[in-house]
Amino acid sequence: MGEDGHPGTPAADGPEATLEELRVRIDALNAEILALLQARAQVVVDIGRFKQGHGLDPYDPRREEEELHTVIDTMGGPFAPADVREIFRSIFRASLDLMDRRRRQALHVRRTDLVPAGGILVGDVAIGAGTPVLFAGPCSVETPEQMERIAAHLARYPGPKILRAGAYKPRTNPYAFQGLREEGLVILRDIARRFGLVTVTEVLDVSTLDVVAAHTDMLQVGARNMYNTELLKALGRIGKPVLLKRGFMATVEELLLSAEYILAHGNEAVVLCERGIRTFEPWTRNTLDVASVPLLKGETALPVIVDLSHALGRKDIMLPCGRAVLAAGADGLMVEVHDHPDQALSDGFQQLDLAGFDELVAGLGLDRPAPGR
Ligand code: PEP
Ligand code: MN
């Protein structure tokens, strides 16, 4: 017992310390350990910066083993080697987490000044500037007449809009309609011009990038291509805005990293698109991940739109889902519209007819120009 009645340990030479004194010593040691850990973390950050500057891999497992050996070889005190190993492994893990966090924060997609105040411009259409943009049009370009009827209808919509239609189609079934390719691009461009509309269409690969870019105002990367890093890099070098769709098996972070490829290679005009992910739920074509909208918006200033047609694969619940994603902060919606969906060469079952399109936009309150516009 110490003088004050608390149990204590005898000091090497002198009277037994009190519990209070021992606790004061622990507090002081904690402060010293923390100061050392912070100093170590700073060196870790400096090493990370050095490695990045020299193109070296940030993680070096061999170096960790070396450090452990050095520490254990020279250790003394009550802890056993296994304990020390455990303690240092936690320190290494915390250091790696710190580096991960810093790397994530340093990504281009996280820059707050990424999008100009007026939004990302596709022609004169501003995305991410406050008014939801409607991306509408058929799944595929089929004929000039079909495109003309749909474009004429869309042109009457008063809000900001972009005519969508696929010319190069990434079909799951190789025997399904593959798109009119270059001929489709020309039809889309000519009809859009006639109605004063801007266009977005999908580019499937690097080999057709130049021809697609020559005919459209915005380039779409489809869900099946979100991981096509060579295409993403090539899009970085193209001076046109990109609509990047989320892969159906991709996490929100993977979508951001795909956008990072485009940004890091020189093109900052990227709009992200949630289009549903694959789950076990068969009542919708994909599962619309509404949560991805606020998650993405919390991580990046890049605009986020939602493709209701491919997410749902059905028309009857588009209105409530459209309301939900707009309430969640979406900067726009994509919907497939066809003048005769029952005769469409692709995705007929999910395309709205012209009256259905009007009903949807009216239901969403988008049929009136936004105040001040
Ligand atoms: C499309 O928008 O035409 C399309 C094929 O969509 P997704 O890539 O999302 O499947
Ligand atoms: Mn489609």
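All figures in this text were calculated on a predicted structure; none of them were measured in a lab. (Residues numbered from 1 in each chain as written. Chains lettered and ligands numbered in written order. Predicted model: local features only at pLDDT ≥ 70, side-chain atom pairs only at ≥ 80, totals over all residues.)

Brief notes about the overall build of the chain
Here is step 1: Check the secondary structure of the chain and you find twelve helices and ten strands.
Here is step 2: Taking 21 Å as the expected radius of gyration for a compact globule of 373 residues, we find that the chain reaches 29 Å, considerably beyond that expectation.
Here is step 3: Overall size of the chain, expressed as C-alpha extent along the three principal axes, is 100 × 45 × 40 Å.
Here is step 4: Residues classed as buried in the chain amount to 36% of the 373 residues present.
Here is step 5: Partitioning the intrachain contacts of the chain with sequence separation of at least 6 by distance along the chain shows that 65% fall at a separation of at least 24. (Helix = DSSP H or I, 4+ residues; strand = E, 2+ residues; numbered from the N terminus. Rg over C-alpha atoms; globule rule 2.2 N^0.38 Å. Buried ≥ 20, exposed ≤ 12 C-beta atoms within 10 Å, placed from the backbone. Contact = placed C-beta atoms within 7 Å.)

What to know about the site of ligand 1
Here is step 1: Neighbouring ligand 1 are the residues Cys-139, Gly-166, Pro-170, Glu-202, Gly-222, Ala-223, Arg-224, Lys-245, Arg-275, Asp-307 and His-310.
Here is step 2: For the shell around ligand 1, the class distribution of residues is three nonpolar, three polar and five charged. (Near = placed C-beta within 6 Å. Nonpolar A, V, L, I, M, F, W, Y, C, P; charged D, E, K, R; others polar.)

Quick notes on helix H5 (residues 182–194)
Helical periodicity: at 3.6 residues per turn, an α-helix aligns residues three or four positions apart in one direction.
Here is step 1: Over its 13 residues, H5 extends 19 Å from the first C-alpha to the last, a length consistent with the 18 Å expected when each residue adds 1.5 Å.
Here is step 2: Within H5 the residues assigned to the buried category are Gly-184, Leu-185, Ile-187, Leu-188, Ile-191 and Ala-192. Looking straight down H5, one finds its buried side chains confined to an arc of 165°; they lie on one side. Projecting away from the buried face of H5 at angles above 90 degrees are the exposed residues Glu-183 and Arg-193.
Here is step 3: Where the residues of H5 are buried, they touch helix H4 (144–155), strand S4 (161–164), strand S5 (199–202) and helix H6 (209–215). (Expected span 1.5 Å × (residues − 1). Arc of directions from axis to C-beta.)

Details of the sheet that holds strand S8 (residues 270–274)
Here is step 1: Within the closed barrel, the eight strands sit side by side as S3-S4-S5-S6-S7-S8-S9-S10. Their pairing is parallel. Between one strand axis and the next, the sheet turns through 25° on average, direction left out of account.
Here is step 2: Taken strand by strand, H5 contacts S4 and S5, and its axis lies near 170° from that of S5. (Pairing = 2+ DSSP bridges. Axes fitted to C-alpha atoms, helices over the stretch in contact; angles between N-to-C directions.)

Let's talk about the confidence of the model for the chain
Here is step 1: Put simply, the chain has an average pLDDT of 94, and 95% of its residues get 70 or more.
Here is step 2: Predicted confidence is poor over residues 1–8, with pLDDT under 50, and the contacts of this stretch with residues over four places away or in other chains come to 17 contacts. (pLDDT = per-residue confidence, 0-100.)

A closer look at the packing of helix H1 (residues 19–53) against helix H3 (residues 81–105)
Here is step 1: Running from N to C, H1 and H3 point in directions that differ by 50°, and their axes come no closer than 10 Å. On the basis of their axis angle, the class for H1 and H3 is oblique. Note on packing geometry: the crossing formed by H1 with H3 is right-handed. Contacts between H1 and H3 involve Leu-37, Ala-41, Val-44, Val-45 and Gly-48 on the former and, on the latter, Ile-91, Ser-95, Leu-98, Met-99 and Arg-102.
Here is step 2: Of the residues contributing to the contact of H1 with H3, the split by class is seven nonpolar, two polar and one charged. (Parallel < 35°, antiparallel > 145°, perpendicular 65-115°, else oblique. Left-handed = near helix turned anticlockwise from the far one by under 90°.)

Side note on the environment of Glu-260
Here is step 1: With respect to the helices and strands, Glu-260 occurs in helix H8 (residues 252–264).
Here is step 2: For Glu-260, a count of 18 C-beta atoms within 10 Å gives the class partly exposed.
Here is step 3: As for Glu-260 and Met-147, which are separated by 113 residues in sequence, their C-alpha atoms are 34 Å apart.
Here is step 4: Ignoring sequence-local partners within four residues, the contact set of Glu-260 consists of Leu-107, His-108 and Val-109.

Observations regarding the nonpolar core
Here is step 1: Counting residues in hydrophobic clusters, the biggest one holds 77 residues, and the most contacted among them are Leu-244, Ala-259, Val-270, Leu-272 and Ile-305.
Here is step 2: No other element matches H8, which puts six residues into this core.
Here is step 3: Other than its neighbours up to four places away in sequence, Ile-305 contacts Val-133, Phe-135, Val-271, Cys-273, Ala-330, Asp-331, Gly-332, Leu-333 and Met-334. (Core = buried A, V, L, I, M, F, W, Y, C linked by C-beta atoms within 7 Å.)

A closer look at the pairing of strand S7 (residues 242–245)
Here is step 1: Along S7, one buried face is formed by Val-242 and Leu-244 and the opposite face, lined by Leu-243 and Lys-245, is buried too.
Here is step 2: Pairing analysis gives three bridges linking strand S6 (residues 218–221) to S7, with the strands arranged parallel. Looking across to S7, one finds that Val-221 is bridged to Leu-244.
Here is step 3: Taking the sense of rotation as the criterion, the β-α-β connection linking S6, helix H7 (residues 229–236) and S7 turns out right-handed.
Here is step 4: As defined by bridge partners, S7 adjoins S8 across four bridges and the pair is classed as parallel. Counted as the bridge partner of Leu-243 is Val-271 from S8. (Right-handed = clockwise from strand over helix to strand, strands pointing away.)

So, helix H9 (residues 292–299)
Here is step 1: Buried residues of H9: Ser-292, Val-293 and Leu-296, and no others. Viewed end-on, H9 has its buried residues packed into an arc of 100°, placing them on one side of the element.

Topic: unusual backbone geometry
Here is step 1: Residue Arg-181 is not a glycine yet carries a positive backbone phi of 55°.
Here is step 2: Tracing the backbone shows Arg-181 in the loop between S4 and H5.
Here is step 3: Taking the C-beta count within 10 Å as the criterion, Arg-181 has 16 such neighbours and is therefore assigned partly exposed.

With respect to the domain arrangement of the chain
Here is step 1: Examined at the domain level, the chain breaks down into domain 1 (19–106) and domain 2 (117–363).
Here is step 2: Each of domain 1 and domain 2 has a C-alpha centre, and these two points are 47 Å apart. (Domains from an automatic or database assignment.)

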